[in-house]
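# Geometric and topological summary
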Amino acid sequence: CWPRRSRHKQWYQRRVRGNEMKALAVGAGLLYNGTDGTKECFNIYDDFIECADITGCGTGAEAKAWDFQCCTEFQLATPSNNKTDMFPPLDWDLDIASKYCQANYQVSPDPVGASLNYWSADFSAASNIIFSNGDLDPWHAGGVLEDVNPTVKAIRIAEGAHHLDLRGSNKDDPQSVITAREQEVSLIAQWLNKGIERENFTEDDMSF
């Protein structure tokens, strides 16, 4: 969740200061191994798992869900070239993505569906939404970074990586993500309480 801090900790623990190549290997190992350190050889081509998101989906049920979402609700048919991005060169367009999605899920990406269903970039009429973005997440550049209206809020996390605030708490969490989670809980509680008041729910109504 906080790889930079963990990487520096490993550098010191393994006494790799002054050995730049060893330090880079330790840093790469953290990305490939997490914290268990079982992988001895890092090969991005051997480890690549085909996915509708060329930046990677990972493994497990969550990865499969994201893969399917990229074949339906999101359109990520953009190639990589390893010159203007950090990913291996890979041709990827809507036609290639559609063939992949049809072969795996019998669906095709809809390039305009998300914009039509979710108002594109105009959220002025929406309500009760939190857009949280970590400044260390490259995707934040395409996010909603300022409040849209009193109930469509933007929370920026100065030391946040990709959806760090949605992960479980960790003793090494930076203060910025701790504060963001507190803000999110407070906002959601306010909205729920207003909904309960508006519908005149009683405690008996809320018991299941």
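Scroll up to find the structure.
Residues numbered from 1 in each chain as written. Predicted model: local features only at pLDDT ≥ 70, side-chain atom pairs only at ≥ 80, totals over all residues. Heavy atoms only, no water.

## Brief notes about the environment of Gly143
Locating Gly143 in the fold gives a position in the loop between β1 (129-134) and β2 (152-157). Residue Gly143 is classed as partly exposed on the basis of its relative accessible area of 30%. Along the sequence, Gly143 and Ala121 sit 22 residues apart, while their C-alpha atoms lie 9.6 Å from each other. (Helix = DSSP H or I, 4+ residues; strand = E, 2+ residues; numbered from the N terminus. Buried < 20%, exposed > 50% of the residue type's maximum accessible area, 1.4 Å probe, protein only.)

## Looking at the nonpolar core
Buried together is how nonpolar side chains tend to be arranged in soluble globular proteins. With 10 residues, the main nonpolar core is built from Ala52, Ile54, Cys70, Cys71, Ala77, Trp92, Ala97, Tyr100, Cys101 and Tyr105. Looking at this core, the element that brings in the most residues is helix α5 (residues 94-105), giving 4 residues. By size, the runner-up hydrophobic cluster in this structure holds 7 residues, among which are Leu164, Val177, Ala180 and Trp191. (Core = buried A, V, L, I, M, F, W, Y, C linked by side-chain atoms within 4.5 Å.)

## Concerning the environment of Arg181
Inspection of the secondary structure puts Arg181 in helix α7 (residues 175-199). Each residue touching Arg181, except ones within four places of it in the same chain, is listed here: Leu164, Asp165, Arg167, Gly168, Ser169 and Asp173. A distance of 3.2 Å separates a polar atom in the side chain of Arg181 from the backbone oxygen of Arg167. (Contact = heavy atoms within 4.5 Å. Polar contact = N/O pair within 3.5 Å; in protein donor to acceptor, adjacent residues only side chain to side chain.)

## A look at the pattern of salt bridges
A complete count under the given rule lists 5 salt bridges for this structure. Here Asp95 ties to Lys99 by a salt bridge, and the two come within 3.5 Å at their closest N and O atoms. In this pair, Asp95 and Lys99 both sit in helix α5, 4 residues apart, roughly one turn of the helix. Residue Asp95 is classed as partly exposed on the basis of its relative accessible area, which comes to 45%. Salt-bridge contacts for Asp135 lead to Arg156; the nearest nitrogen and oxygen are separated by 3.0 Å. Linking Asp135 in the loop between β1 and β2 with Arg156 in strand β2, this pair joins segments that are 21 residues apart in sequence. Judged by its relative accessible area of 29%, Asp135 is partly exposed. (Salt bridge = Lys/Arg side-chain N within 4 Å of Asp/Glu carboxyl O.)

## Quick notes on the packing of aromatic side chains
Under the definition given, this model contains 4 aromatic pairs. When the ring of Trp66 is compared with that of Phe74, the centres are 5.5 Å apart and the planes differ by 45°; the resulting orientation is tilted. A relative accessible area of 31% places Trp66 in the partly exposed class. (Phe/Tyr/Trp six-rings, centres within 6.5 Å; stacked < 30°, edge-to-face > 60°.)

## Focus on the side chain of Asn149
Assignment of secondary structure puts Asn149 in the loop between β1 and β2. On the accessibility criterion, Asn149 (16% relative accessible area) is buried. Within polar-contact distance, the side chain of Asn149 engages the backbone oxygen of Ala126 at 3.1 Å. In this view, Asn149 contacts Phe123, Ser124 and Ala126; residues no more than four positions away in its chain are not counted.

## Topic: the state of the cysteines
By definition, a disulfide links the sulfur atoms of two cysteines through a covalent bond. Evaluated as defined, the whole model comprises 2 disulfides. The partner cysteine of Cys51 in its disulfide is Cys57, sulfur to sulfur 1.7 Å. The partner cysteine of Cys71 in its disulfide is Cys101, sulfur to sulfur 2.0 Å. With the S-S bond torsion at -80°, the cross-link from Cys71 to Cys101 turns out left-handed. With a gap of 30 residues between them, Cys71 in the loop between α4 (60-70) and α5 and Cys101 in helix α5 connect regions that are remote in the sequence. The exposure classification of Cys71 matches that of Cys101, with both residues buried. Taken in sequence order, the bonded cysteines of the chain link in the pattern 1-2, 3-4. Between Cys70, a cysteine without a disulfide, and Cys57, which holds the nearest cysteine sulfur, the sulfur-to-sulfur distance is 5.3 Å. (Disulfide = S-S within 2.5 Å.)

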